[in-house]
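Survey of secondary and tertiary structure
Single-letter residue listing:
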Amino acid sequence: QHIDDDEPELLLGENLYSEDTVAQGVAMAAFGLALTQAAWLNSFGGAMGAPDLSGTALGAGLNVYYVVSVASMASLGVGNFFLLTSYLRQEGWAHSLMWKESLSAAYYAFLALFHASALNGFTQDDKQYTEVKVRAILVWLVLFGLPMLVVQTLLAFAFACGTATCGVTVLGASVAFFTLAPLAVLAPCVLYNCCRLVVALAPAGGPEEDGVYLYDEDDVDLVSAPMETEE
């Protein structure tokens with residue numbers, strides 16, 4: 001069901017699907033682990049019982065990882081915020097009834113700071129949904145997913161168990177947790193979003209022959225089953 005021109009209706013959250021919920025949840029988990037990892041990296045100056053690595057090659061590398069991590073997380077929030085505000089300024093989005101669902105709207109806006117797929121809580125039709133889905137994935141991958149994947153991979157190699165710091169514990173957890181747990185969550189999340197992007201960019205239709213998927217003339221939705229064309 002979609003809104004009609006002569007009967008305005010706000011469909012808040014109607015365009016969210018299970019794949020959006022999964023992407024949102026895993027992205028927030030990856031962000032939380034990355035934030036914890038950044039705090040852990042910042043401790044390697046002698047604080048909280050961690051060794052003071054200042055002046056060492058490993059310490060210099062950790063400083064770079066820390067700066068990139070913080071910059072990536074901050075840029076993700078800023079990028080998603082601008083994406084949110086740019087869409088809400090559009091005529092088809094700035095719905096006059098949104099004030100009636102202010103609590104739900106604020107909830108989706110907050111979630112969108114971590115992954116803009118939550119913006120599909122505001123979309124009102126399939127065209128808007130696809131546009132938001134593609135842009136949300138691209139923003140997340142470019143600003144957070146891919147940069148943090150590189151950082152966390154390099155960090156895991158930097159803290160290989162052969163180094164002298166392998167047995168150090170910081171914030172009550174071992175080095176292995178802070179290096180491997182974020183990577184174990186982020187890597188599948190990046191792959192999942194890449195697959196979603198490929199599917200979203202795939203053409204929805206094709207030549208109308210030999211049993212391909214056809215469009216219903218009365219609906220913009222794709223017919224759910226292949227239809228054989230008449231010869």
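Below or above, wherever it landed, is the structure these notes cover. Keep in mind it's a predicted model, so treat the numbers as computed, not measured.

**Quick word on the environment of Leu-41**
Within the secondary structure, Leu-41 sits in helix α1 (residues 18-42). Under the relative-accessibility criterion, Leu-41 is labelled buried at 4%. For the pair Leu-41 and Leu-62, spaced 21 residues apart in the sequence, the C-alpha separation amounts to 6.4 Å. With near-sequence residues (within four places) excluded, Leu-41 lies in contact with Leu-62, Tyr-65, Tyr-66 and Leu-155.

**Some details on the pattern of salt bridges**
Pairs can form between side chains of opposite charge whenever their charged atoms are close. Per the counting criterion, the structure on display carries four salt bridges. A salt bridge links Glu-19 to Lys-133; the shortest N-O distance between them is 3.0 Å. Here Glu-19, found in helix α1, pairs with Lys-133, found in helix α4 (residues 126-158); they are 114 residues apart in sequence, far enough to count as distant. On the basis of relative accessibility, which here comes to 7%, the residue Lys-133 falls in the buried class. Between Asp-20 and Arg-196 there is a salt bridge, with the nearest N and O atoms lying 2.9 Å from each other. In this pair, Asp-20 is assigned in helix α1 and Arg-196 in helix α5 (residues 175-201), connecting sequence segments 176 residues apart. Both residues of the pair, Asp-20 and Arg-196, count as buried. Because the salt bridges share partners, they merge into one network encompassing Glu-19, Asp-20, Lys-133 and Arg-196.

The rules behind the values
- Residues numbered from 1 in each chain as written.
- Predicted model: local features only at pLDDT ≥ 70, side-chain atom pairs only at ≥ 80, totals over all residues.
- Heavy atoms only, no water.
- Helix = DSSP H or I, 4+ residues; strand = E, 2+ residues; numbered from the N terminus.
- Buried < 20%, exposed > 50% of the residue type's maximum accessible area, 1.4 Å probe, protein only.
- Contact = heavy atoms within 4.5 Å.
- Salt bridge = Lys/Arg side-chain N within 4 Å of Asp/Glu carboxyl O.

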